[in-house]
Amino acid sequence: MTPNTTTTRTPHTAQMPDVEQLLRDAAFVLRMTRRVNNEILRDAAEPSYRTPQLADLTPAALGV
């Protein structure tokens, strides 16, 4: 027969510095995710073409 014991089972609780570090890490990841998302949306809003600048134009070859 199985003995009937009434031992209390309490889960291991994290210490306060561990919890604070976990929250800081989560806040950092959230902040970086928002920053990257804003950059992606900003880049998507810009037109995919650009007008050529004078420096982009190659000079015509000289027929010497």
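Reading the values: the criteria
Residues numbered from 1 in each chain as written. Predicted model: local features only at pLDDT ≥ 70, side-chain atom pairs only at ≥ 80, totals over all residues. Heavy atoms only, no water. Helix = DSSP H or I, 4+ residues; strand = E, 2+ residues; numbered from the N terminus. Buried < 20%, exposed > 50% of the residue type's maximum accessible area, 1.4 Å probe, protein only. Areas by Shrake-Rupley, 256 points an atom, 1.4 Å probe, with all protein chains shown as cover. Salt bridge = Lys/Arg side-chain N within 4 Å of Asp/Glu carboxyl O. Patch = residues over 30% accessible without salt bridge, like charges linked within 9 Å, V, L, I, M, F, W, Y side chains within 5 Å.

A count of helical and extended segments in the protein chain gives one helix and zero strands. Looking at the protein chain as a whole, 0% of its 64 residues qualify as buried. Here the protein chain displays about 6900 Å² of accessible surface, and carbon together with sulfur accounts for 60% of that area.

According to the stated counting rule, one finds one salt bridge in the structure shown. Note that Asp 43 and Arg 42 form a salt bridge whose closest N and O atoms lie 4.0 Å from each other. Given a relative accessible area of 44%, Asp 43 falls into the partly exposed group.

Next up on the list: a nonpolar patch on the surface. Taken together, the side chains of Met 16, Val 19 and Leu 23 define a hydrophobic patch exposed on the protein surface, amounting to about 290 Å² of accessible area. Position of Met 16 relative to the elements: it lies in helix H1 (residues 16–45). For Met 16, a relative accessible area of 55% gives the class exposed.

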